[in-house]
Amino acid sequence: MDFIKKISIPYFVLFVFFMFYKPVICFLMLGIFALVFAVYSILFLNIIRKNGIETTGKIVSYDSDGEGYKTPVIEFQIGEEETITAKPFLHTSSDLDKFRSYQGNIYKPVKIIYNSESPEKFILKDNSHGCGLIIIIMAGLVFAGIAIGNLLGYNDIF
């Protein structure tokens, strides 16, 4: 995800430029961004499942975004002296998460898999990440398909 931080400002400037010049390019940029993020996440999940280290952590709190979705903040120990407290690298939640209370899960043990090179990048072991990635891939394909179709002259939506 470091490369996303590096290109975010030029990407945003190009996006704003094309909003006024040719908006269909914005659809293409959104589609490509979603597909790149999905591929990066899939590669990360494959690497961490093959080479990651499994341990047990505990949920210390839930971080809620402005819309009510909750992400667990997990504390786990690597080695004997270092403790990491962070959110999972990849976490999907549903609309049910807005209404549920997770107070009963505080200090509950959970299995995690973390990357040995950067332990702050970890995932929950028994969590399904596939649903969220499938939705991101579908959205990316739709945006890119609409844009490519328009650029080739097959549909004149924009």
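Further up the page is the structure itself.
Just so we're clear, the structure is a prediction, and the values are computed from it rather than from any experiment. (Residues numbered from 1 in each chain as written. Predicted model: local features only at pLDDT ≥ 70, side-chain atom pairs only at ≥ 80, totals over all residues. Heavy atoms only, no water.)

Caption draft 1: Quick peek at the packing of helix α2 (residues 24–51) against helix α3 (residues 130–151). Between α2 and α3, the least distance of the axes is 7 Å, while the angle of their chain directions is 150°. Between α2 and α3, the angle falls in the class roughly antiparallel. Classified by chirality, the crossing of α3 by α2 is left-handed. (Axes fitted to C-alpha atoms, helices over the stretch in contact; angles between N-to-C directions. Helix = DSSP H or I, 4+ residues; strand = E, 2+ residues; numbered from the N terminus. Parallel < 35°, antiparallel > 145°, perpendicular 65-115°, else oblique. Left-handed = near helix turned anticlockwise from the far one by under 90°.)

Caption draft 2: Region of interest: α3. Its 22 residues give α3 an end-to-end C-alpha distance of 31 Å, which sits within 8% of 32 Å, the value for a rise of 1.5 Å per residue. Turning to α3, its buried residues number three or more, namely Gly132, Leu133, Gly140, Ala144, Ala147, Gly149 and Asn150. Buried-residue contacts for α3 involve α2. (Expected span 1.5 Å × (residues − 1). Buried < 20%, exposed > 50% of the residue type's maximum accessible area, 1.4 Å probe, protein only. Contact = heavy atoms within 4.5 Å.)

Caption draft 3: Looking closely at the sheet that holds strand β2 (residues 70–78). Spatially, five strands are ordered β3-β2-β1-β4-β5 in an open sheet, and the strand pairing comes out antiparallel. Of all the strands in the sheet, just β3 (82–86) and β5 (122–124) have a single pairing partner and so form its edges. If you compare each strand with its neighbour and ignore which way they point, the axes differ by 40° on average. When strand β1 (residues 53–64) meets strand β4 (residues 109–114), the two strands line up antiparallel, connected through six bridges. Bridged to Thr56 within β4 is Lys111. (Pairing = 2+ DSSP bridges.)

Caption draft 4: Representation of unusual backbone geometry within the structure. Even without being a glycine, Tyr107 presents a positive backbone phi close to 65°. The class for Tyr107 is exposed, based on a relative accessible area of 56%.

Caption draft 5: Molecular detail of the environment of Lys111. You can see Lys111 is positioned in strand β4. The exposure class of Lys111 is partly exposed, given its relative accessible area of 43%. Not counting residues within four places of it along the chain, the set of residues in contact with Lys111 comprises Glu54, Thr55, Thr56, Ile123, Leu124 and Lys125.

Caption draft 6: Inspection of the packing of aromatic side chains at higher detail. Counted by the stated rule, this structure contains nine aromatic pairs. On the numbers, 5.8 Å between centres and 40° between planes, the contact of Tyr11 with Phe33 is tilted. Residue Tyr11 is located in helix α1 (residues 2–21), and its partner Phe33 is located in helix α2; the two are separated by 22 residues in the primary sequence. The class for Tyr11 is partly exposed, based on a relative accessible area of 24%. Feature note: the residues Phe17, Phe18 and Tyr21 constitute an aromatic cluster, connected by ring pairs. (Phe/Tyr/Trp six-rings, centres within 6.5 Å; stacked < 30°, edge-to-face > 60°.)

Caption draft 7: Structural context of the nonpolar core. In terms of nonpolar packing, the biggest core is built from 11 residues, these being Ile59, Ile74, Phe76, Ile78, Ile84, Ala86, Val110, Ile112, Tyr114, Phe122 and Leu124. Mapped by element, the contributors of at least two residues to this core are β2, β3, β4 and β5. Of all hydrophobic cores here, the second largest spans nine residues; its members include Phe15, Cys26, Ala144 and Ala147. (Core = buried A, V, L, I, M, F, W, Y, C linked by side-chain atoms within 4.5 Å.)

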